[in-house]
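Summary of the model geometry
Spelled out, the chains give:
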Amino acid sequence: MKFSSFTLRTFTTLHTWVGLVAGFALFVAFYAGAITVFHHDLPLWQAPHAMEQPAQTLDDAQHLLDGVLARHPEARRHIGMTFPGAETPQTVAYWQDAKGTWLFAWADHVDGSPTPPQAGLAELVNELHYTLGLPVAGIYLMGVVSLLYGVALLSGLVIHLPRLAGDLFALRPGRNLKQMWQDAHNVIGVLSLPFHLLFAVTGALLCLMFLQMAALNPLVYQGKLMAALPTAMDTAPIRAAAGEPVRPGSLAMLHARAIAVATDQGLPHFEPAYLKLANAGDANAVIEITGEGGASLGPLGAVAMDANTGQVLHTQLPGRRDANHATLAAAYALHFGEFGNGAVPWLYFALGLGGAFLFYSGNLLWIESRRKRRQIEQGRAQVNMARATVGICIGLCVAISAAFVSVQLLEHLAPSYADTGMRWTCFLVWGGCALWAALRAPSRAAQELLWAAAMVTALVPVAHGAMTGQWLWTSALRGYWPLFWVDGVALAMAVGFAAMARATRRRAHHGDPNSVWADNRRATARVP
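Rules of the game
- Residues numbered from 1 in each chain as written.
- Predicted model: local features only at pLDDT ≥ 70, side-chain atom pairs only at ≥ 80, totals over all residues.
- Heavy atoms only, no water.
- Core = buried A, V, L, I, M, F, W, Y, C linked by side-chain atoms within 4.5 Å.
- Buried < 20%, exposed > 50% of the residue type's maximum accessible area, 1.4 Å probe, protein only.
- Helix = DSSP H or I, 4+ residues; strand = E, 2+ residues; numbered from the N terminus.
- Contact = heavy atoms within 4.5 Å.
- Phe/Tyr/Trp six-rings, centres within 6.5 Å; stacked < 30°, edge-to-face > 60°.
- Pairing = 2+ DSSP bridges.
- Axes fitted to C-alpha atoms, helices over the stretch in contact; angles between N-to-C directions.
- Lys, Arg positive; Asp, Glu negative; His and termini not counted.
- Salt bridge = Lys/Arg side-chain N within 4 Å of Asp/Glu carboxyl O.
- Polar contact = N/O pair within 3.5 Å; in protein donor to acceptor, adjacent residues only side chain to side chain.
- 1 Å grid on protein atoms, 1.4 Å probe; cavity = no way out; pocket = protein on both sides within 12 Å on 5 of 7 lines; lining within 4 Å.
- Points joined across faces, edges and corners; volume = space filled by probe spheres on them.
- Nonpolar A, V, L, I, M, F, W, Y, C, P; charged D, E, K, R; others polar.
- Patch = residues over 30% accessible without salt bridge, like charges linked within 9 Å, V, L, I, M, F, W, Y side chains within 5 Å.
- Areas by Shrake-Rupley, 256 points an atom, 1.4 Å probe, with all protein chains shown as cover.
- Disulfide = S-S within 2.5 Å.
- pLDDT = per-residue confidence, 0-100.
- Arc of directions from axis to C-beta.

What to know about the nonpolar core
Counting residues in each nonpolar core, the largest one holds 84 residues, and the members touching the most others are F27, Y31, L42, L128 and F404. If you tally residues by element for this core, the top one is helix 15 (residues 380-413), at 16 residues. If sequence neighbours within four positions are ignored, F27 has contacts with A356, F359, Y360, C393, L396 and C397. In this structure, L251, A262, A285 and A307 belong to the second largest nonpolar core, which totals 31 residues.

Re the side chain of H129
With respect to the helices and strands, the residue H129 is situated in helix 5 (residues 120-131). Judged by its relative accessible area of 13%, H129 is buried. Beyond its immediate stretch of four places on either side in the chain, H129 contacts A29, A32, G33, T36, M142, H335 and F336.

Details of the packing of aromatic side chains
Where two aromatic rings form a pair, the distance of their centres and the angle of their planes describe that pair. Across all of its chains, the model carries 14 aromatic pairs by this definition. Considering the side-chain rings of W471 and W473, the 5.6 Å spacing of their centres and the 5 degrees angle between planes classify their relative orientation as stacked. Overall, W471 belongs to the partly exposed group, its relative accessible area being 29%. A relative accessible area of 56% means that W473 is categorised as exposed. Centre to centre, the rings of W481 and F484 are 5.3 Å apart; their planes meet at 85 degrees, and the pair counts as edge-to-face. One end of the pair is W481 and the other is F484, both in helix 19 (residues 481-510) and three residues apart, which spans about a single turn. Site record: aromatic cluster; members linked through ring pairs are F38, W346, F349, W481, F484 and W485.

Considerations on the sheet that holds strand 1 (residues 78-82)
If you walk across this open sheet you meet the eight strands as 4-3-2-1-5-6-7-8, and the pairing is antiparallel. Each edge of the open sheet carries a strand with a single partner, namely strand 4 (109-113) and strand 8 (312-316). Recorded for the sheet is a direction-independent mean angle of 20 degrees between the axes of neighbouring strands. As paired strands, strand 7 (residues 300-306) and strand 8 are joined by four bridges and run antiparallel to one another. Residue pairing for strand 8: A302 is matched across the bridge by Q316.

Examining the environment of D322
Structurally, the position occupied by D322 is in the loop between strand 8 and helix 13 (323-336). A relative accessible area of 31% places D322 in the partly exposed class. Counting along the chain gives 90 residues from D322 to A232, while the straight-line C-alpha distance between them is 8.9 Å.

Looking at unusual backbone geometry
The phi torsion at L132 lies on the positive side, around 60 degrees, for a residue other than glycine. Counting through the fold element by element, L132 comes out in the loop between helix 5 and helix 6 (137-160). Residue L132 is classed as buried on the basis of its relative accessible area, which comes to 14%. Phi is positive for N279, close to 60 degrees, though the residue is something other than glycine. Its place among the elements puts N279 in the loop between strand 5 (271-278) and strand 6 (286-292).

Side note on the side chain of D419
Examined against the element boundaries, D419 turns out to sit in helix 16 (residues 418-439). Summary of buried charges: D419 has no salt-bridge partner, and the nearest side chain of opposite charge, R423, is 6.6 Å away. Of note is the side chain of D419, whose polar atom sits 3.4 Å from the side chain of Q46. Not counting residues up to four positions away in its chain, the partners in contact with D419 are Q46, T115, P116 and G120.

Re empty space enclosed by the protein
Inspection of every chain in the model, using the stated rule, returns two cavities of 30 Å³ or more. Counted as a void, the largest cavity has a volume near 170 Å³. Contributing to the lining of the largest cavity are 15 residues, with I35, F404, V489, A490 and M493 lying nearest its centre. Within the residue set of the lining of the largest cavity, elements represented by two or more residues are helix 1 (5-35), helix 15, helix 17 (442-468) and helix 19. Of the residues in the lining of the largest cavity, the class split is 13 nonpolar, two polar and no charged.

Quick look at a nonpolar patch on the surface
Side chains of V136, Y140, F210 and L211 sit close together on the surface and give an oily, nonpolar patch of about 430 Å² of accessible area. Along the chain, the position of F210 falls in helix 10 (residues 209-220). The exposed category is assigned to F210, whose relative accessible area is 56%.

Quick notes on the state of the cysteines
Tallying each qualifying case throughout the model produces zero disulfides. We note that C393 lacks a disulfide partner, and the nearest cysteine sulfur, in C397, lies 7.6 Å from it.

Re the confidence of the model for the protein
For the protein, mean pLDDT is 82; residues scoring 70 or higher make up 84% of the total. Here residues 521-528 is a poorly scored stretch, pLDDT under 50, and it has twelve contacts once near neighbours within four places are set aside; other chains count.

Things to note about helix 10
Three or more residues of helix 10 are buried, namely M209, M213 and N217. Along the long axis of helix 10, the arc covered by the buried residues comes to 90 degrees, so they all point the same way. Facing away from the buried side of helix 10 by over 90 degrees, the exposed positions are A214, P218 and L219. Looking one or two residues past helix 10, Q222 carries a phi angle of roughly 50 degrees, positive in sign.

A look at the pairing of strand 6
For strand 6, a buried count of six out of seven residues is recorded, marking the element as mostly surrounded by other parts of the structure. Where strand 5 lies against strand 6, seven bridges are found, and the strand directions are antiparallel. From the neighbouring strand, A278 faces strand 6, where its bridge partner is V286.

Given below as structure tokens:
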């Protein structure tokens, strides 16, 4: 397939500028997104004593639910709760108070806390992934960025389509570093294109869902979208409270009933994960129990029942969903890798790091393509882009690792300040790295921040072992694999950052002197 030179120039320009506009946000989303693969493991890593506590039972969950409903009348309107299981050994209840603030409760802590137990680190990484850490507006910003991301992918495909077969596996290391970076950028981008298109589409769908609803409301629903929304999004029907108090059914009965219904519908391995209960203690109480239904794309399914009698009201189970629920389940599962066997999370982890590399290398290629090759002094735009790339991208790596280290220290020294202190540490370190890069020559800042990333990331397993006694080898011997893999990946990434720092130093001293990445002192010494 051939395109005219004008078409290729147009799409090259589009690809370049869309990539630059969205690149920094996408680097944050992909680097943090790679770490969210361990989202279920991070609470255990943050407070590993939970792994040594006896597993909770349905009786414990019933005791927690009764305690919350008795102490917090506003929770009777609508409350959610996790069931004890492998991923959530400790049952947690959550609801909104009269002011709309989410509160959480767990065993022996039924007063209500604004933060869930030991989940601060996982939530911070997840917020960086889908909101860049920005409240409210961040999620819509990432939705727009996802759309730009899709444009960059399609324009990149048009650029490389004519020479796809020849360039697909071309990786030419050597003295021409720009060619090597270009090859690596192209190979990773093309090979992972289906996954990146998937991330772009599902990211836009999930982040801009409410804006899509607002647009469809007058066009499709004649202004009645809010009335149709519960049916499209939830499984349980909406029932107004009858004002008649009744004795509710037990969690054990409802739990067993949900499993029996799923088994009758062809899902013998249905495992309840969490519930949503509305109008608790009322004659019109409704419960929706969601769980995993086996190997499928979008394995989560739900059974809605009368919370007092266990009568089935509706189901949305894998293989038996309507179009709305099937689409939402597939979008969520595809975006977060919540399907398949144990190899899928590691594939998503690699794709996340590969995506971060795409946007980092894209900035480097833009800088190199505009470099003045016959003079030492480079343009202000190239220097500023280099500083921003180093400060924002490498600075984020340092900041997230610093959050991991700080949360371990604070959990040991001041547990009540662990979540708040970790967040302050992350954003202050990130801002400090960006400021450092703005004040230093790009080559020096890159080396220094990469070494900082290596050292701080290497401290992650050290801080974890020192504060909890769960060293890397101890976790392996005890079979605490979630802890082992978090520490092991941190150690491997520390080695990777150190290798990048050494490579950056070699380039600064032995690469082209007419580059923003050259050591300024060496370049100045060569001026006649």
